[in-house]
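Here's the letter readout for the chains.
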Amino acid sequence: MEEVMKILEFVKPGVDFQNEDNLIEDEVLDSFDIVNLVARLNDEFDIEITPADLLPENFKSAETIYKLTQKLQED
């Protein structure tokens, strides 16, 4: 989870990712942030986030992003 938090803070500094639970609906992350985030997550965790994974519920919070990375590492 710590690595996900570091990546989120790099992509979008100054956001309280610990408490923010609606990153998409609250427009904290825009499409450019998501592209940057996906690239960094893919590299850091050696995973491949595909278009099928690009669902709002997977990027709702730091926790849901972390769960996505864990799921993809298991596959």
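Residues numbered from 1 in each chain as written. Predicted model: local features only at pLDDT ≥ 70, side-chain atom pairs only at ≥ 80, totals over all residues. Heavy atoms only, no water.

Some points on the pattern of salt bridges
Any two side chains of opposite charge can pair, so long as their charged atoms come close to each other. Short version of the rule: Each salt bridge in this description consists of a side-chain nitrogen of Lys or Arg and a carboxyl oxygen of Asp or Glu lying within 4 Å of one another. Every helix listed is a DSSP run of H or I at least four residues long, and every strand listed is a run of E at least two residues long, numbered separately from the N terminus. A 1.4 Å probe rolled over the protein chains alone gives each residue an accessible area, and that area as a share of the maximum for its type sets the label: buried under 20%, exposed over 50%, partly exposed in between.
Scanning all chains against the criterion turns up 3 salt bridges. Here Lys6 and Glu2 are joined by a salt bridge, their closest N and O atoms 3.5 Å apart. On the criterion of helical spacing, the pair formed by Lys6 and Glu2 is a turn pair, its members being 4 residues apart in helix H1 (residues 2-11). Relative accessible area serves as the criterion here: at 45%, Lys6 is assigned to the partly exposed category. Residue class for Glu2 comes out exposed when judged on its relative accessible area of 56%. Notably, a salt bridge pairs Glu3 with Lys6, separated by 3.7 Å at the nearest N-O pair.

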